[in-house]
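Each chain is listed here by its residues.
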Amino acid sequence: MRFREGGSLDTSGVSDRRGMGGGRGLAVGGGGLGLVGVIIVVILQLAGGGGSGSGGSGFGGLAGLGSGEQADNSQLDQRCQQVGDANDSEECAVVAEIDSIQEYWGQTLGGRYTETDTVFFNGSTQTGCGAADSGTGPFYCPSDKLVYIDLTFFNDLKSRFGAQGGAFVDAYVLAHEYGHHVQDILGTNQQVTPGDTGPTSGSVRLELQADCYAGTWANHATTVPDASGQPLITEITQDDVNRALDAASRIGDDFIQKNLGGGRVDQKSFTHGTSAQREKWFTTGYQSGNPQACDTFGTNDLG
C-alpha cells in the first residue's frame, strides 16, 4: 500500500488524546480477565463495540472526556504534515486512511454523510458509551458517534492473533469502524436487538455488512480524491488484499473460540460471524465496489 508524495495531510479527522490521562478502564463481568478473556473482549469489540445499538457498547461510566483528559493534535500535526509521511509512519498512514475513508463515504452518500473523528488514546479513555481501555479494541460508539482506537491494537493483532499485519490491514479495521458509522447514519443498527447472538443474528449481519462496506471503500481507495482533487492512496496490491483477508480470518467467532478460547465452537454465541463469512463479505464489497451489494439483512445466505 502506497500513499502519494506531495500535498498536505489533514489531521482534523483525528482527536489525539494520547498521553493525556483520564479514564477508569473497562470492567467486564464485574472483575478482571486473564489473557484469553482480554483477547475475546478485543474481538467482541473489534469494529462495533460489541453492539451498535443506541446504547453503544454497554460499558458503564461517564460520557465524554474524563477528569484531566483532553485532545491535543499539535504533535500529530508536526509529525504528519505531508501525505508522503504516511509511507514512513504508521500513525500518519492511519490519518491518511481515515481521510480517504471519509472522502469516499462523503462522495457516496452525499449530504447524508456526516464526518466524525477517530480518537487516538493510550491506556484508557472516557467515551459516550462509558469507559474503555486498550483491551477493548477499536470500536465505534453511536452515542457520541466517534471511533476509538489505541494504536497498539495493530501490534496485538499480529502478536496475539497471528495476523500478518500491514498498513492495509490497519485500513481495513478502520474502514470497518466507519462502516458502523454509516450504519448509524442510515439507521441500519436500529434493526438489531442489543445482545442478539447466533449465526444468523442481527449482530452478525451488522458486523458482516461493516466488513462489506470496508471492501467497497477499498475498491475505490486509489481513485477517490481528497480536497486537493488527487487520491491519497496510489497503490493497493494483491498482497495487501491477501493480508486483509488473513486478518479477517483471524477475527471470526469460530477461529477465536477454537484457538483463543476454550477450544469449543458455540454458534449460539456468535456476534461477528465466522472467519469464512468475514472474508466473503469483505471480498463482496471489494469486488463490487457497491454498498448496495452489502445487504446482509436481505439474504438467507450469509456464507
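This report concerns the structure included in the present document. (Residues numbered from 1 in each chain as written. Predicted model: local features only at pLDDT ≥ 70, side-chain atom pairs only at ≥ 80, totals over all residues. Heavy atoms only, no water.)

### Comments concerning the state of the cysteines
Definition in use: The disulfide criterion used throughout: a pair of cysteine sulfur atoms within 2.5 Å. Only DSSP runs of H or I covering at least 4 residues are called helices, and only runs of E covering at least 2 are called strands; the numbering of each starts at the N terminus.
This model, assessed by the stated rule, comprises three disulfides. The disulfide that involves C212 links it to C294, with 2.1 Å between the sulfurs. Across the S-S bond linking C212 and C294, the dihedral sits near -75°, which makes this disulfide left-handed. Here C212, found in helix 6 (residues 202-220), pairs with C294, found in the segment after helix 9 (275-288); they are 82 residues apart in sequence, far enough to count as distant.

### Considering the packing of helix 3 (residues 90-109) against helix 5 (residues 167-186)
If you want to describe how two helices pack, look at the angle between their axes and the distance between the axes. Rules: Where helices are involved, their axes are fitted lines through C-alpha atoms of the stretch in contact, as for all axes, and angles between N-to-C directions lie from 0 to 180°. Comment on the angle field: the value is read as roughly parallel under 35 degrees, roughly antiparallel over 145, roughly perpendicular from 65 to 115, and oblique elsewhere. Handedness of a crossing is defined here by the sense of rotation of the near helix relative to the far one, left-handed for an anticlockwise turn of less than a right angle and right-handed for a clockwise turn. Contact between two residues is taken to exist if any of their heavy atoms lie within 4.5 Å; hydrogens are not considered. Three classes are used: nonpolar for Ala, Val, Leu, Ile, Met, Phe, Trp, Tyr, Cys and Pro, charged for Asp, Glu, Lys and Arg, and polar for all others, with Gly counted as polar.
Interaxial distance between helix 3 and helix 5 falls to 9 Å at its minimum, and their mutual angle equals 40°. What the angle tells us is that helix 3 and helix 5 run oblique. Considering the relative orientation of helix 3 and helix 5, their crossing is right-handed. Along the contact surface, helix 3 presents E90, V94, E97, I98, I101, Q102, W105 and L109, while helix 5 presents A167, D170, A171, L174, A175, Y178 and V182. Across the contact of helix 3 with helix 5, the residue classes break down as eleven nonpolar, one polar and three charged.

### A few points about the environment of E103
In this fold, E103 is placed in helix 3. Spatially, the C-alpha atom of E103 lies 9.8 Å from that of Y113, the residues being ten residues apart in sequence. Contact partners of E103, with chain neighbours within four places excluded, come to V224, P225, D226 and A227.

### Here we look at helix 3
Three- or four-residue spacings in an α-helix give side chains the same orientation, since the helix completes a turn every 3.6 residues. The test is simple: To estimate how far a helix should reach, multiply one less than its number of residues by 1.5 Å. Each residue is placed in one exposure class: buried if its accessible area under a 1.4 Å probe, protein chains only, is under 20% of its type's maximum, exposed if it is over 50%, and partly exposed if it falls in between.
The end-to-end C-alpha separation of helix 3 is 28 Å, in line with the 28 Å expected for 20 residues at 1.5 Å each. The element helix 3 is extensively covered by neighbouring structure, given that 15 of its 20 residues are classed as buried.

### As for the side chain of H272
This is how it is decided: By the criterion applied in these results, polar contacts are pairs of N or O atoms within 3.5 Å in which, for protein atoms, one can donate a hydrogen and the other can accept it, and in which residues neighboring in sequence qualify only through two side-chain atoms.
With respect to the element layout, H272 can be found in the loop between helix 8 (253-259) and helix 9. Accessibility expressed as a relative area gives 0% for H272, which makes it buried. Within the local environment of H272, its side chain forms a polar contact with the side chain of T271, the two groups lying 2.9 Å apart.

### Remarks on the sheet that holds strand 2 (residues 14-16)
Under the convention used in this document: Following DSSP output, two strands are said to pair if at least two bridges run between them.
The mixed open sheet is built from four strands, whose spatial order is 2-3-7-6. On the outer flanks of this sheet lie strand 2 and strand 6 (139-141), each paired with one strand and no other. The mean angle between the axes of side-by-side strands here comes to 30°, regardless of whether they run parallel or antiparallel. Contacting strand 3 (118-120), strand 6 and strand 7 (146-149), helix 5 runs over the sheet at an angle of about 25° to strand 6.

### Focus: the packing of helix 6 against helix 9
Running from amino to carboxyl end, helix 6 crosses helix 9 at an angle of 35°, the nearest separation of the two axes being 6 Å. Of the two possible hands of crossing, helix 6 and helix 9 adopt the one that is right-handed. Each of V204, L208, D211, C212, A214, G215, T216, A218 and N219 in helix 6 lies in contact with helix 9, whose residues at this interface are Q277, R278, W281, F282, T284, G285, Y286, Q287 and S288. Within the contact of helix 6 with helix 9, the residues separate by chemical class into eight nonpolar, eight polar and two charged.

### Structural notes on the pairing of strand 5 (residues 130-133)
Here is the key point about a regular strand: its side chains alternate between the two faces of the sheet. The pairing of strand 4 (residues 124-127) with strand 5 spans four bridges and is classified as antiparallel. Within the sheet, the bridge partner assigned to T125 lies in strand 5 and is A132. Between strand 4 and strand 5, which pair antiparallel and follow one another directly, the connecting turn spans two residues.

These figures capture arrangement, not role.
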